[in-house]
Amino acid sequence: MKKSVFLGAMTILGLAAGVAHAGTLEDVQARGKLRCGVTTGLVGFAAPDANGHWDGFDVGMCRAVAAAVLGDGAAVEFVPTTGKTRFTALASGEVDLLARNTTWTFSRDVDLKFEFVGVNYYDGQGFMVPKELGVSSAKELDGATVCIQTGTTTELNLADFFRANNISYEPVPIETNAEAQQQYLAGACDVYTTDASGLAATRATFEDPAAHVVLPEIISKEPLGPLVRHGDNEWADVARWSLNALIAAEEMGITSANMDELLKGTNNPEVNRILGTEGTLGEMLGLSADWAANAIKAGGNYGELFEKNIGASTPIGLSRGLNAQWTEGGLLYSPPFR
């Protein structure tokens, strides 16, 4: 098993080395479409409807980058990836950007040669169980069967937690969230563990969400964010500042509703720089002056994307919590646009 993991990492490293110096920005512009790696389906974050139209919080990041680069948030080809296939897809150049609830870790950043361009959701790993199981704490799960997605930090955190608490478990390996949901509801496992946001999204799709409980323990830090390949700094800048534009827009009060009025000019120099009505930030990125305005128009600012897809008024019902702006006690903080 150790040998296969080593070879898998070497394969990714080899693929990354082969495409590291490719000009992704120029490739996307020439192609006229952004290829964005997303999850195979997680309601609220990234999921296709019956007509194959993708929507969700992570999908919003893909559309923002496409709009910044191409002026069209619809110019995206969505490539579904699993926990196992996502990194190969990015390293090989199959996708230009990966935006699918992926945790920023040391080894992924340094060893696998990827570059995380920021955090778009601060999360942590949790546990969900049927209410009828009568469990109120993850520490009561000794001997439980646990549905766990392979190739994820979740798998490693689970082993650490049970070992630290001197309890045992039987893993039930699954590849996708859809498979986890099916196995969990069929009783193939007592517990489903993944990021707490993923548990909320999954639970919201159940026929009777109240029959399932998310336990109080959060056992890890899971800073989720979009990532690109190492060695292509210009493309990383585009992705990073597209995300920052969404975050800064919320802080500055720039919304999809007031965008046209603000584009006429304001008394706030930073708002003007973000929207491209003064300064040369777009030129520095190799993009048009209105790149950030286009990114924000594609789906709204960070807060609009959050509330529309996963916020308190949606079936998923997530509060902002750590994902509130720094001015509201959260961790969201964009560097200055200057």
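Whatever comes next refers back to the structure up there.
Here is a short report on the structure shown in this document. (Residues numbered from 1 in each chain as written. Predicted model: local features only at pLDDT ≥ 70, side-chain atom pairs only at ≥ 80, totals over all residues. Heavy atoms only, no water.)

### A few points about the sheet that holds strand S8 (residues 125-130)
Spatially, the five strands line up as an open sheet ordered S10-S9-S11-S8-S12, and their pairing is mixed. Edge positions in the open sheet fall to strand S10 (169-174) and strand S12 (212-214), since each of these has one partner strand only. On average, adjacent strands in this sheet sit at an angle of 30° to one another, irrespective of strand direction. Where S8 meets strand S11 (residues 191-195), four bridges bridge the pair, whose relative direction is antiparallel. If you follow glycine 126 over to S11, its bridge partner there is threonine 194. (Pairing = 2+ DSSP bridges. Helix = DSSP H or I, 4+ residues; strand = E, 2+ residues; numbered from the N terminus. Axes fitted to C-alpha atoms, helices over the stretch in contact; angles between N-to-C directions.)

### Quick notes on the packing of aromatic side chains
Under the criterion given, the structure shown has 17 aromatic pairs. On the numbers, 6.4 Å between centres and 80° between planes, the contact of phenylalanine 57 with tyrosine 121 is edge-to-face. In this pair, phenylalanine 57 sits in helix H3 (residues 57-70) while tyrosine 121 sits in strand S7 (residues 121-123), placing the two residues 64 residues apart along the sequence. The buried category is assigned to tyrosine 121, whose relative accessible area is 6%. Geometrically, the ring pair formed by tryptophan 291 and phenylalanine 337 is stacked, given 6.4 Å between the ring centres and 25° between the ring planes. With tryptophan 291 in helix H13 (residues 291-299) and phenylalanine 337 in the segment after helix H14 (302-309), this pair connects stretches of sequence that are 46 residues apart. With respect to burial, tryptophan 291 and phenylalanine 337 carry one shared label: buried. Here the aromatic cluster, defined as three or more aromatic residues joined through ring pairs, consists of Phe45, Phe57, Tyr121, Tyr302 and Phe306. (Phe/Tyr/Trp six-rings, centres within 6.5 Å; stacked < 30°, edge-to-face > 60°. Buried < 20%, exposed > 50% of the residue type's maximum accessible area, 1.4 Å probe, protein only.)

### Concerning the state of the cysteines
By definition, a disulfide links the sulfur atoms of two cysteines through a covalent bond. All told, the structure shown has two disulfides when counted by the stated rule. Covalent S-S linkage joins cysteine 36 and cysteine 62, the inter-sulfur distance amounting to 2.1 Å. In this structure, the disulfide formed by cysteine 36 and cysteine 62 twists by about -65° around the S-S bond and is classed as left-handed. Of this pair, cysteine 36 sits in strand S1 (residues 34-39) while cysteine 62 sits in helix H3, placing them 26 residues apart in sequence. The pair formed by cysteine 36 and cysteine 62 is uniform in burial state, with each residue classed as buried. Covalent S-S linkage joins cysteine 147 and cysteine 189, the inter-sulfur distance amounting to 2.1 Å. Linking cysteine 147 and cysteine 189, the disulfide has an S-S dihedral of approximately -100° and is accordingly described as left-handed. Within this pair, whereas cysteine 147 is found in strand S9 (residues 144-149), its partner cysteine 189 is found in the loop between helix H7 (177-185) and S11, the two being separated by 42 residues in sequence. Cysteine 189 matches cysteine 147 in its accessibility class, with the two residues each being buried. Ordering the disulfide-forming cysteines of the protein by sequence position, one finds them joined as 1-2, 3-4. (Disulfide = S-S within 2.5 Å.)

### Section: unusual backbone geometry
Even without a glycine there, the phi angle at lysine 113 is positive, about 65°. Mapped onto the elements of the fold, lysine 113 is located in the loop between helix H5 (106-110) and strand S6 (114-116). Despite not being glycine, asparagine 166 shows a phi value in the positive range, around 55°. On the secondary structure map, asparagine 166 appears in the loop between helix H6 (153-164) and S10. You can call asparagine 166 exposed: its relative accessible area is 72%.

### Section: H3
With 14 residues, H3 should reach 20 Å at 1.5 Å per residue; the first-to-last C-alpha distance of 20 Å fits that figure. In terms of burial, H3 is largely enclosed, as 13 of its 14 residues are buried. Positive backbone phi, at 75°, marks glycine 71, one or two positions downstream of H3. (Expected span 1.5 Å × (residues − 1).)

Worth remembering: the numbers are spatial, not functional.
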